[in-house]
Amino acid sequence: MKGFFITGTDTGVGKTVVTSGLLFRLCDGGHKSLAIKPVQTGCIDRSGTLIAEDEAEYARLNAPHFPEGYPDACIKKYKDACSPHRAAAISGEQICIDELTRRTRQMAEAYDAVLVEGAGGVAVPLDDQHTTLELMRRLDLPVIIVADNKLGMINHTLMTIDAIRNRGLEVAGVIVNNTTPPSSEDEALRADNVTTIARHGDVAILADIPYTADPEQRDTVLIKALREAVRLLSTEEPQDTAMDFDKAHLWHPYTSATNPLPTVRASTTRGTTIVLDDGTELIDGMASWWCAIHGYGNPVLEQALRTQCGRMSHVMFGGLTHDPAIDLGRKLVDMTPAGLEHVFLADSGSVSVEVAIKLAMQYMQASGQKERTKLFTVRGGYHGDTCGAMSVCDPDGGMHHLFANLLPKQIFAPRPTCRFDTPYDPAPLNEATDLLKKHSHEIAAIIVEPIVQGAGGMWFYHPEYLAGLRALADEHGVLLILDEIATGFGRTGKMFACDWADITPDIMCVGKALSGGMMTLAATLATAKVARTISADGGVLMHGPTFMGNPLACAVANASLDLLSRSDWQARTADIEQWLSNALAPCRELPDVKDVRTLGAIGVVEMECPVDVPALQEFFIANGIWLRPFGKLIYAMPPYIISKEEVDTIGEVVFEAVRQQIHTRG
């Protein structure tokens, strides 16, 4: 959809007049164009038919360009002259923003360019939750602001510019409209209004429409004044080479530089929806690699980010501190298992694992156990892509076998085969017990993902196995590190996955959902015993990222954790687990399916053989969902705000993909 959204600094500033004039100019220039009014209040009732006056003005001025009559381009019409949300309520309706967006896009399909005129200003409510800004964001058109040149114009216009840009929208420019005659006293003020807005708003003044007293001359003056505006607002788009550049120059995760996996371009997001640049809307079943638990565009998180950005976006954490970091530390100590009292704020999950490993090594060094330099873990795990983290990922079936000669050699027990959803089998723990006993003299710590092995295979193992590792760590005097980066903050149905086993680790890593998917942030927590042992005799933890404790990330994490704590997240994840279980269950009957399992807000379809990721991605996009399979797995870890209907859709599309053998096309 090409064109512009026309808004005003207030009602009565001349938006409709300007929209009509711009439409005339576009049509006169050979562009097949249309002005659309999504919502019109104050319509005239003529024998039971509501007449939208703005649409009538489009038709009047542009009659030469629409010889067969102006099409009905007003989507919702209301008689009462008030805010759209109230006018709709008086009429016994509620405006559906999804419908407005869809119908506006449908109208635009037949035209080279459209002008979408809003009702009043950008903050006018459309319903109980959304303002015109949300409609603007969904349509994603450059915005033209119409401002009446008078006292107060500067403030209203600059505030409108800020509001639009804060929603990630482009301000194409400002059209100044003089709705009243200037006096000798205010001519200088009006001229200063224009230059001040251009300077302070860093915005183009597209036109300055003079006041015209003679009604017969108004159309001529308007159209003449907008000549330059239309030239500046050329609807001709330069050749789009962005995707060519992306393919030729940008590395994406786990893909080739010269023959990369296919990518599609995202334009915007909202709620549980990813919108591609061609307008395709996808239900996000991945929460952007499991972190966007509150969905996209959450107003609380966005406001926290904007507020903190206005105060302080970054400051080094060496020698300085700040309230967002202090508040986040308090929250983490309060909500994690009892005993974790010291917090290291990291800038990614992998870094938090590196810090955890350093803590374990420094602990053993400080306690005089210098021979204890190895880590004990289980196969099938994944802990990140930096060197220390890679050393405890699965050495054979994982993603890092290429670096085997670089990495330190750790001690691996077999993957725990005791399933979460079956009676506990102690045999896997017995194997781990024997191996740990043999190597305990050289082991500094046990490190595992609790209950759910994530990117190593989405395997769910029994809580008693985890409790057994805690007991083994205590018995042999080694530390227990739990990597809760993927599982923390409610994903498994407990606040932390280790809560299933009712244990506290010595060291815990958290990330992903910590900031609600808004900023990169992680943390490593440790018990007082670990921290004090390392710090004895002047010892210091040897790590300090440049962006450690970033105030923006900490502020949005505080807002995210507050949102989570106030919500009924346990009921939500329980619902999602049931929905996923029901939605994916039919896949069990299909050929090539090895297993279907769910836990909390995680649903997994495991295939017998590796899947064709590009073919599945293309099929999923064509059917309105976003999943990112890997290896043998087709899985979903959606935002907690996902609906049953959306989960059902994901299940139906996954079922069809497998039934049609899309996964085998490679």
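The model shown is predicted, which means the values in this text are computed figures rather than measured ones.

1. What about the overall build of the protein chain?
A count of helical and extended segments in the protein chain gives 22 helices and 25 strands. The contacts of the protein chain with a sequence gap of at least 6 include a subset with a gap of at least 24, amounting to 73%. Accessible surface, the protein chain as shown: approximately 29,300 Å² in total, 51% of it carbon and sulfur. Charge centroids of the protein chain, computed over 58 positive and 84 negative side chains, lie 2 Å from each other.

2. Topic: the sheet that holds strand β24 (residues 625–626)
Read from one edge of the open sheet, four strands run β10-β11-β12-β24, paired in mixed fashion. Because the sheet does not close on itself, it has two edges, and the strands there are β10 (266–270) and β24.

3. Some details on the domain arrangement of the protein chain
The domain architecture assigned to the protein chain consists of domain 1 (3–234), domain 2 (250–291 + 569–660) and domain 3 (299–565). For domain 1 versus domain 3, the separation of C-alpha centres amounts to 53 Å.

4. Some remarks on the environment of Gly 12
Note that Gly 12 resides in the loop between β1 (3–8) and α1 (15–28). What makes Gly 12 exposed here is its relative accessible area of 61%. Considering only alpha carbons, one finds Gly 12 and Thr 433, 421 residues apart in sequence, at a separation of 78 Å.

5. Looking at the side chain of Ser 352
If you trace the backbone, Ser 352 turns up in helix α14 (residues 349–366). Classification of Ser 352 as buried rests on a relative accessible area of 0%. Apart from the residues lying within four places of it in its own chain, the contact partners of Ser 352 are Ala 346, Ile 485, Cys 509, Val 510, Ala 522, Ala 523 and Thr 524.

6. Comments concerning the pattern of salt bridges
According to the stated counting rule, one finds 29 salt bridges in the structure shown. Here Glu 93 and Lys 76 are joined by a salt bridge, their closest N and O atoms 3.3 Å apart. Residue Glu 93 is located in the loop between α3 (84–90) and α4 (97–108), and its partner Lys 76 is located in strand β5 (residues 74–77); the two are separated by 17 residues in the primary sequence. With relative accessibility at 36%, the residue Glu 93 sits in the partly exposed group. For Glu 99, the salt bridge goes to Arg 103, with nearest N and O atoms at 3.2 Å. You can see Glu 99 and its partner Arg 103 sitting in helix α4, four residues apart, about one turn around the helix.

7. With respect to the sheet that holds strand β2 (residues 33–40)
Sheet architecture is open: seven strands sit in the order β5-β2-β6-β1-β7-β8-β9, paired in parallel fashion. Strands with a single pairing partner mark the edges of an open sheet, and in this sheet they are β5 and β9 (205–209). Between one strand axis and the next, the sheet turns through 20 degrees on average, direction left out of account. Pairing between strand β7 (residues 143–148) and strand β8 (residues 171–177): six bridges, direction parallel. When the bridges of β8 are listed, Val 143 appears paired with Val 171. Set on the sheet, helix α2 (residues 53–61) makes contact with β2, β5 and β6 (113–117); between it and β2 the angle comes to about 165 degrees.

8. What about the packing of α1 against helix α8 (residues 215–225)?
Direction vectors running N to C along α1 and α8 enclose 65 degrees, while the axes themselves pass 9 Å from each other. In terms of their interaxial angle, α1 and α8 are classed as roughly perpendicular. Taken as a pair, α1 and α8 cross one another with a handedness that is right-handed. Contacts between α1 and α8 involve Val 17, Gly 21, Phe 24 and Arg 25 on the former and, on the latter, Leu 222, Ile 223 and Lys 224. Split by residue class, the contact of α1 with α8 holds four nonpolar, one polar and two charged.

9. Some thoughts on unusual backbone geometry
In this structure, Asp 140 is a non-glycine residue whose phi angle is positive, near 55 degrees. You can call Asp 140 partly exposed: its relative accessible area is 35%. If you check the backbone angles, Asp 502 has positive phi at about 55 degrees while not being a glycine. Relative to the elements of secondary structure, Asp 502 occurs in the loop between β19 (479–483) and β20 (507–510).

10. Brief notes about the state of the cysteines
Covalent bonding between the sulfur atoms of two cysteines is what defines a disulfide. Within the structure shown, the criterion is met by zero disulfides. Unpaired in terms of disulfides, Cys 74 finds its nearest cysteine sulfur in Cys 43, a separation of 5.6 Å. A residue is classified by how much of its surface remains accessible, and Cys 74, at 4% relative accessible area, is buried. With no disulfide of its own, Cys 554 lies closest to Cys 309 among cysteine sulfurs, the gap being 14 Å. A relative accessible area of 0% places Cys 554 in the buried class.

11. So, empty space enclosed by the protein
Under the definition given, this model contains four cavities of 30 Å³ or more. The computed volume of the largest cavity comes to approximately 40 Å³. What lines the largest cavity is Pro 38, Val 39, Glu 117, Gly 118, Ala 119, Leu 126, Thr 132 and Leu 135. For the lining of the largest cavity, the secondary-structure elements that each account for two or more residues are β2 and α5 (132–139). For the lining of the largest cavity, the per-class residue count stands at five nonpolar, two polar and one charged.

12. A closer look at the pairing of strand β16 (residues 443–448)
Extensive coverage of β16 is indicated by the burial of six of its six residues. As paired elements, strand β14 (residues 374–378) and β16 share three bridges and run parallel to each other. Across the sheet, Lys 374 pairs through a bridge with Ile 443, a residue of β16. As defined by bridge partners, β16 adjoins β19 across four bridges and the pair is classed as parallel. In the sheet register, Ile 446 faces β19, and the bridge partner there is Leu 480.

13. Concerning the packing of helix α12 (residues 299–311) against helix α19 (residues 551–566)
At a minimum axis separation of 9 Å, α12 and α19 run at an interaxial angle of 150 degrees. With respect to α19, the axis of α12 lies roughly antiparallel. Classified by chirality, the crossing of α19 by α12 is right-handed. In this structure, α12 uses Val 300, Leu 301, Ala 304, Leu 305, Gln 308 and Cys 309 to contact α19, whose residues at the interface are Pro 551, Leu 552, Ala 555, Val 556, Ala 559, Ser 560 and Leu 563. Classifying every residue of the contact of α12 with α19 gives 11 nonpolar, two polar and no charged.

Here is what the cut-offs are and how they apply
- Residues numbered from 1 in each chain as written.
- Predicted model: local features only at pLDDT ≥ 70, side-chain atom pairs only at ≥ 80, totals over all residues.
- Heavy atoms only, no water.
- Helix = DSSP H or I, 4+ residues; strand = E, 2+ residues; numbered from the N terminus.
- Contact = heavy atoms within 4.5 Å.
- Areas by Shrake-Rupley, 256 points an atom, 1.4 Å probe, with all protein chains shown as cover.
- Lys, Arg positive; Asp, Glu negative; His and termini not counted.
- Charge placed at Lys NZ, Arg CZ, Asp CG, Glu CD.
- Pairing = 2+ DSSP bridges.
- Domains from an automatic or database assignment.
- Buried < 20%, exposed > 50% of the residue type's maximum accessible area, 1.4 Å probe, protein only.
- Salt bridge = Lys/Arg side-chain N within 4 Å of Asp/Glu carboxyl O.
- Axes fitted to C-alpha atoms, helices over the stretch in contact; angles between N-to-C directions.
- Parallel < 35°, antiparallel > 145°, perpendicular 65-115°, else oblique.
- Left-handed = near helix turned anticlockwise from the far one by under 90°.
- Nonpolar A, V, L, I, M, F, W, Y, C, P; charged D, E, K, R; others polar.
- Disulfide = S-S within 2.5 Å.
- 1 Å grid on protein atoms, 1.4 Å probe; cavity = no way out; pocket = protein on both sides within 12 Å on 5 of 7 lines; lining within 4 Å.
- Points joined across faces, edges and corners; volume = space filled by probe spheres on them.

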